[in-house]
Amino acid sequence: MSGKKRSPPTEYSQSKRSKLLKENNINCPEMSGHLVSTSKNGLSSKLTKPLPKPPAPINHTKPTTKKLVIKNLKEKPNLPKDFEEQTLVKLEEAVCAIHNSSCISYSLEELYQAVENMCSHKMAGRLYDHLTVKCENHIKQRLPKFLADCVSGIQFLHIVSSEWEQHCQQMIMIRSIFLYLDRTYVFENSSLLSVWDLGLRLFGKHLVCQGLVQGRIVQEVLIIIQNERNGEVIDRALLKTIIRMLCDLQVYQIMFETIFLRETECHYHKEGQQQVTSEDYTLPQYLSHITRRLQQEEDRVLQYLDSSTRKPLVLCVEKQLIGEHQTTLVNKGFDSLLEAKRLPDLGTLYQLLSRIKGGLDGLCTAFGNYIKKSGMAMVSDAEREKTMVQEMIDFKEKLDTIVVEAFQKNEKFQRALQESFECIINKRQNKPAELIAKFVDVQLRSGNKECTDEELDRLLDKVMVLFRFIYGKDVFEAFYKKDLAKRLLVGKSASFDAEKAMLLKLKQECGSSFTCKLEGMFKDMELSRDIMSSYKQYVTAKKLPSSIDLTVNVLTMGYWPAYPPVEIILPLHLVGYLEDFKTFYLSKHSGRKLQWQSSLGHCVLRSFFPNGDKDLQVSLYQTLVLLLFNDSDELTFHYIQEATGIVPAELSRTMQSLACGKVRVITKIPKVKCMADLVPLLYYNGTLNRTSLSGTMVQVTRVSFV
């Protein structure tokens, strides 16, 4: 026990002492307006004399000077022979009365004065020793109450609490009497304890720290705390009193805290094992259990434990319920939480593991493994190619939400997300780049009416997120350029603004060198519109044939995808239109060479069906085939090939689209998959109808050449 002097919980000031004297009808010199004269040797005289009258007002007109001379008493008072014995008896009776909770025969002022007189006459040492003996004997006499075996645990703690509170009240009263001793003799001797600290030391030495009593106090307190952990309602005020007593006696850590933490560790070690090995174990339930236990221990510290216990207690719970089962928390149920996007549970798991040193490392690794496992299933499945890009966008968006809301934007988890996505999206080399380009093409086509312009722009932003991960950006550029050319030339683009917005996103991501050719394609389309406007004026001025609406797109070879030149046989009336345009263009731009790309041409045919006329938007190859049926109802594959000059492979695809598509313009006999090699095929006009006026089944109304 430390020898440091400490003040009691309640300090008796001069005003409080005067109030106490008034309540006991004691005439205090300080209260009665008299002074006590003191002799030369310090002995207080029994005589009192009235206070001097206040000085007369000073006459400022005639200043005077007076001398105040203080003289010693002529005679030195003598102490009675039995002064020390009588004073000790008087003080002993007062202390015994306080210990017995009985009335004190003397006034508190008189007792205080007695202590002061003894200290003034160098009797403080004997007085201090005498007080120590009296208090020690009294405390020893109270020990049997603590050793009674017939008292139950709760009753025992109530006895300890009652005795402690009574002891504190007694020591406060005793200290108020011996206050002068504290302030003089004890203050001058640093090796001595103050009256209050003396009482604490004796109470702890002879009662609380006594072997049997100490063990029983700790045991009963631990039992009550264990009952509370098991769900029982306990008397927290009683525990608070006992714990405060141990703290005041400075034995809390040595006597109680060490044992308490050891018992806590055993309790939660056993509880944690039972929870994770239970058949009913689920990760959300276990996380809720850990959170509840931590909160309970926090409340326990606030209610009755000492605040110094908080840190080791919380660390103990975290170690046993989280640290010991960290692998189980990550490997048993974590993937299910991610799959179901249970943000509250994921946030709780993140917060709990962040309490453990290195706890987030395992969680981050498991997070990356989940991304790779789920992502590989999307990328590697060839049957899911049509929906892969949309699935990857949704998957990335879900993971971003988890990182932001559940993992508090932790940089480790953000980096794991980026690295895992980069790994899975490049697993099939160039295939993801191709699929992303096709996905963009579908979204930018005029047939896509699923979203508004704002929704389309947000979707393209999400696509750009995936684009950043792919290594084969040149592969994406090739497919994107090819699809963009078709949209621009066929007029299938949903929005020119959307095309420009996508081009700007690519430019911001990859730089102007990546998009310079794509920008050139847009410039060619704008120049082609100006050229066609001039050509129409030229046709009107020259009065050239204009029954067919001709559109020609003049493209710069370096900007557009490379198209192999194909020689085909065009009808003579179409050849005339092309020659007229060629004459016009070369007259404006001498020295240039025009090369027709027949594979990019398309037409609009006026078709005559029994149920009504239809306009068919078809490719140039399909146009050449359908025009042949104006002269015959039945044609063979080889005849069509010779008449059009289309290569067999391309002609096979063209005939397949006309005879086997959703809208079957012609009929194939026999109905087999083969087109030309194995079986001689005959194509029959089974749906078209000749008009009585012109004798034709299809007429070209609009044609577009490149």
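Scroll up for the structure.
Residues numbered from 1 in each chain as written. Predicted model: local features only at pLDDT ≥ 70, side-chain atom pairs only at ≥ 80, totals over all residues. Heavy atoms only, no water.

Caption draft 1: Looking closely at the pairing of strand β4 (residues 602–609). Counting buried positions over the 8 residues of β4 gives 7, a clear majority of the element. Relative to strand β5 (residues 612–619), β4 is paired through 8 bridges, and the arrangement is antiparallel. Considered in β5, the bridge of Phe608 is made with Asp613. The turn linking β4 back onto β5 is made up of 2 residues. (Buried < 20%, exposed > 50% of the residue type's maximum accessible area, 1.4 Å probe, protein only. Helix = DSSP H or I, 4+ residues; strand = E, 2+ residues; numbered from the N terminus. Pairing = 2+ DSSP bridges.)

Caption draft 2: Helix α8 (residues 179–188), seen in detail. Within the sequence span of α8, burial applies to Leu179, Leu181, Asp182 and Val186. Viewed along the axis of α8, the buried residues span an arc of 130°, placing them on a single side of the element. Contact partners of the buried residues in α8: α4 (108–120), α5 (124–141), α7 (153–177) and α9 (195–208). (Arc of directions from axis to C-beta. Contact = heavy atoms within 4.5 Å.)

Caption draft 3: Representation of helix α3 (residues 83–99). Counted at 1.5 Å a residue, the expected span for α3 with its 17 residues is 24 Å, and the 24 Å between its end C-alpha atoms agrees. Within α3, the full set of buried residues consists of Phe83, Glu84, Thr87, Leu88, Lys90, Leu91, Ala94, Val95, Ala97, Ile98 and His99. Where α3 is buried, its residues touch α4, α5 and α7. Note on α3: the residue one or two positions beyond its end, Ser101, has a positive phi of about 60°. (Expected span 1.5 Å × (residues − 1).)

Caption draft 4: Here's a closer look at the side chain of Asp182. Structurally, Asp182 is set in helix α8. Among residues more than four places away in sequence, those in contact with Asp182 are Arg175, Phe187, Ser194 and Val195.

Caption draft 5: A look at the nonpolar core. Ranked by size, the top nonpolar core spans 84 residues in total, and within it Leu363, Phe367, Phe407, Phe421, Phe476 and Tyr480 carry the most contacts. Among all residues touching Phe407, those that are not within four sequence positions of it are Phe334, Leu346, Tyr350, Leu363, Phe367, Ile402 and Phe413. Val95, Ile172, Val251 and Tyr304 belong to the second-largest nonpolar core, a separate cluster that totals 69 residues. (Core = buried A, V, L, I, M, F, W, Y, C linked by side-chain atoms within 4.5 Å.)

Caption draft 6: Just the packing of aromatic side chains, in detail. For the structure on display, the rule yields 24 aromatic pairs. Taken together, the ring pairs connect Tyr535, Tyr538, Phe581, Phe584, Tyr585 and Trp596 into an aromatic cluster. A cation over an aromatic ring shows up here: Lys90 above the ring of Tyr106, its NZ or CZ 5.4 Å from the ring centre. (Phe/Tyr/Trp six-rings, centres within 6.5 Å; stacked < 30°, edge-to-face > 60°. Lys NZ or Arg CZ within 6 Å of the ring centre and 35° of its normal.)

Caption draft 7: The environment of Asp345, seen in detail. The residue Asp345 is located in helix α17 (residues 343–353) in this model. When the C-alpha atoms of Asp345 and Pro284 are compared, they prove to be 6.1 Å apart, with 61 residues separating the residues in sequence. Not counting residues within four places of it along the chain, the set of residues in contact with Asp345 comprises Pro284, Leu287 and Leu337. Polar side-chain contacts of Asp345 include one of 2.9 Å to the side chain of Arg342. (Polar contact = N/O pair within 3.5 Å; in protein donor to acceptor, adjacent residues only side chain to side chain.)

Caption draft 8: Looking closely at the environment of Arg487. Assignment of secondary structure puts Arg487 in helix α23 (residues 473–490). Once residues lying within four places of it in the same chain are set aside, the contact partners of Arg487 are Asp441, Leu444, Arg445, Tyr480, Lys492, Ser493 and Glu499. A distance of 2.7 Å separates the side chain of Arg487 from the side chain of Glu499, its partner in a polar contact.

Caption draft 9: Structural detail: the pattern of salt bridges. On inspection of all chains with the given rule, the structure shows 34 salt bridges. The residue Lys134 makes a salt bridge to Glu92 at a minimum N-O spacing of 3.1 Å. Taken together, the residues span a long stretch of sequence, with Lys134 in helix α5 and Glu92 in helix α3 at a distance of 42 residues. We classify Glu92 as partly exposed; its relative accessible area is 26%. Residue Arg384 is joined to Glu391 by a salt bridge in which the shortest nitrogen-to-oxygen separation is 2.8 Å. On the basis of relative accessibility, which here comes to 24%, the residue Glu391 falls in the partly exposed class. Salt bridges linked by common partners bring Glu228, Arg229, Arg236, Glu297 and Arg300 together as one network. (Salt bridge = Lys/Arg side-chain N within 4 Å of Asp/Glu carboxyl O.)

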